[in-house]
Amino acid sequence: MGSAASSTSTAGDHGGVRESRKKEALDWLEWGRGWLYVVGEFFFQRISASHLENPLTLPHLDGFTCIVTGSTSGIGLEVARQLAEAGAHVVMAVRRMNIAYELIQKWQNDKEGLCLPLNVEVMELDLLSLDSVRQFAKAWNARQVAVHALINNAEPQRFSKDGFEQHMQVNHLAPALLSMLLIPSLLRGSPSRIINVNSIMHVVGFVNPEDMNITSGKRKYTSLAGYSNSKLAQIKFSSILQKRLPAEAGINVICVSPGIVHTNVARDLPKVLVAGYHLIPYFIFNAQEGSRSTLFATTDPQISDYCAMLKDDEWLVCPYISHDCRPANASEEAHNLETSQAVWEKSLEMIGLPSDALEKLIEGKNLDD
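A few words on the overall build of the protein. Summing up its helical and strand segments, the protein has 14 helices and seven strands in all. Residue pairs at least 24 apart in sequence account for 80% of intrachain contacts in the protein once pairs closer than 6 positions are excluded. Of the accessible surface of the protein, which amounts to about 15800 Å², a share of 54% is contributed by carbon and sulfur atoms.

As a further point, take the sheet that holds strand E5 (residues 192-197). Spatially, seven strands are ordered E3-E2-E1-E4-E5-E6-E7 in an open sheet, and the strand pairing comes out parallel. Bordering the open sheet on either side are strand E3 (120-124) and strand E7 (320-321), each of which pairs with just one other strand. Bridge count between strand E1 (residues 65-69) and strand E2 (residues 89-94): five bridges; the pairing is parallel. Counterpart to Thr65 in the pairing with E2 is His89. Relative to E3, helix H4 (residues 97-110) is tilted by about 175°, and along the sheet it contacts E2 and E3. With respect to the sheet, helix H12 (residues 303-312) is in contact with E5, strand E6 (251-256) and E7, its orientation differing from that of E6 by roughly 95°.

Glancing now at helix H11 (residues 292-299). Most of H11 sits inside the fold, with eight of its eight residues counted as buried. Where H11 is concerned, the buried positions are Arg292, Ser293, Thr294, Leu295, Phe296, Ala297, Thr298 and Thr299.

With that settled, consider the packing of helix H6 (residues 166-181) against helix H8 (residues 223-244). Axis separation between H6 and H8 bottoms out at 7 Å; the angle between their running directions is 20°. The angle between H6 and H8 falls in the class roughly parallel. Here the hand of the crossing between H6 and H8 comes out right-handed. Contacts from His167, Met168, Asn171, His172, Ala176 and Met180 of H6 reach H8 at Ser223, Gly226, Tyr227, Asn229, Ser230, Lys231, Ala233, Gln234, Phe237 and Leu241.

A complete count under the given rule lists twelve salt bridges for this structure. Arg81 serves as the salt-bridge partner of Glu85, at 3.1 Å between the closest nitrogen and oxygen. Of this pair, Glu85 and Arg81 both sit in helix H3 (residues 74-85), four residues apart, which is roughly one turn of the helix. Owing to a relative accessible area of 28%, Glu85 belongs among the partly exposed residues under this scheme. Of the charged contacts in the structure, one is a salt bridge between Arg326 and Asp324, with a shortest N-O distance of 3.4 Å. Residue Arg326 is classed as partly exposed on the basis of its relative accessible area, which comes to 40%. Assessed through its relative accessible area of 10%, Asp324 is described here as buried. When salt bridges that share partners are traced, they join Glu78, Arg81 and Glu85 into one network.

Parameters at a glance
- Within any chain, residue numbers begin from 1 and follow the written order of that chain's sequence.
- Only residues with pLDDT of at least 70 get local features here, since the model is predicted, and only at 80 or more are side-chain atom pairs given and counted; chain-wide, interface and lining totals rely on the full set of residues.
- The side-chain values count all of the structure's non-hydrogen atoms but skip hydrogen atoms and water molecules.
- Every helix listed is a DSSP run of H or I at least four residues long, and every strand listed is a run of E at least two residues long, numbered separately from the N terminus.
- Any pair of residues with heavy atoms lying within 4.5 Å of one another is described as a contacting pair.
- Methods summary: accessible areas were calculated by the Shrake-Rupley approach with a probe of 1.4 Å, and residue burial reflects only the protein chains presented.
- One bridge is not enough; two strands pair if DSSP finds at least two bridges between them.
- Interaxial angles span 0 to 180 degrees and are taken between N-to-C directions of axes, which are lines fitted to C-alpha atoms, for helices over the stretch in contact.
- Burial classification: accessible surface area is computed with a 1.4 Å probe over protein chains only, and a residue below 20% of its type maximum counts as buried, one above 50% as exposed, and the rest as partly exposed.
- Oblique is the label for every angle not falling under 35 degrees (roughly parallel), over 145 degrees (roughly antiparallel), or within 65 to 115 degrees (roughly perpendicular).
- Two helices cross in a left-handed way if the nearer one is turned anticlockwise from the farther one by less than a right angle. They cross in a right-handed way if the turn is clockwise.
- In the sections that follow, a salt bridge refers to a side-chain nitrogen of Lys or Arg positioned within 4 Å of a carboxyl oxygen of Asp or Glu.

Keep in mind that these numbers describe shape and distance, not what the molecule does.
Okay, structure coming up:
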């Protein structure tokens, strides 16, 4: 695998924060450059990913346990199905359990006589409720078994039970809480991975740690702003988590872009973009194509070496895998280490974890101690 540090240069060098003044939003140059990246991915993603198989060939995953959130539709469904068919023990962490059971039955019927029964189970998890996240993590950790991969895949929904902006909670806060609380199980599965399904739309996002819900009135709230900001916040939090996880823990945090995919996420994008989905369907990935980068980041053996290399180089951003299953670089704003640290601290506060939560969890201590 190539290095994001050597193959891209949009973030400059490792010289830390580029500016100390407080930013209120992306400047016009950053915003315009971000949209050029989005448009470029829209029109050229099929060409850049033309070398990939569809579906992606996976290794045999017997003894591999993974938790997949948001796995009853879209990319999450494809990821769960393909991992299960490769022999993994898949935990579908979902809100609508009845749909998950129906899917498992369908998968099993489709493969009847062709393979062993799929090792899939369903557990209830509502990302719109942080209490649900805590209950899920408590129930899983009580099993005292390993998790080799946590795949945080989610689609925006309408309302948060915790009073947080919907995209920020489902795409960032709930997955962040789940990732933190499952550290004990991920340690048992070491070497293990946290895979966050991100989006190219993070390049037009901007996160103000003091206004994560976009309620101050300084910026106009739109669904697009909420979505892109939440994806950038996810990268920033993941970057600090990756930096703070000791190498000996054997846990890596990776963000992946599935490409521009025809899933339910489209319903929350601006009308002009939704129209583009319908007018030019050739350029849009289907869910199976969109699942490839997530499956690659979950199973490829070289990912661990790549993560270790970036960690040794003190790269400012967590490993990022693009839709073509190649290393990529996150946006320039994602490299703002000062803001990333502030997002880390504010996120922990919002999800109700102490500032030393990670250290306690790695040491096997109770968070209430």
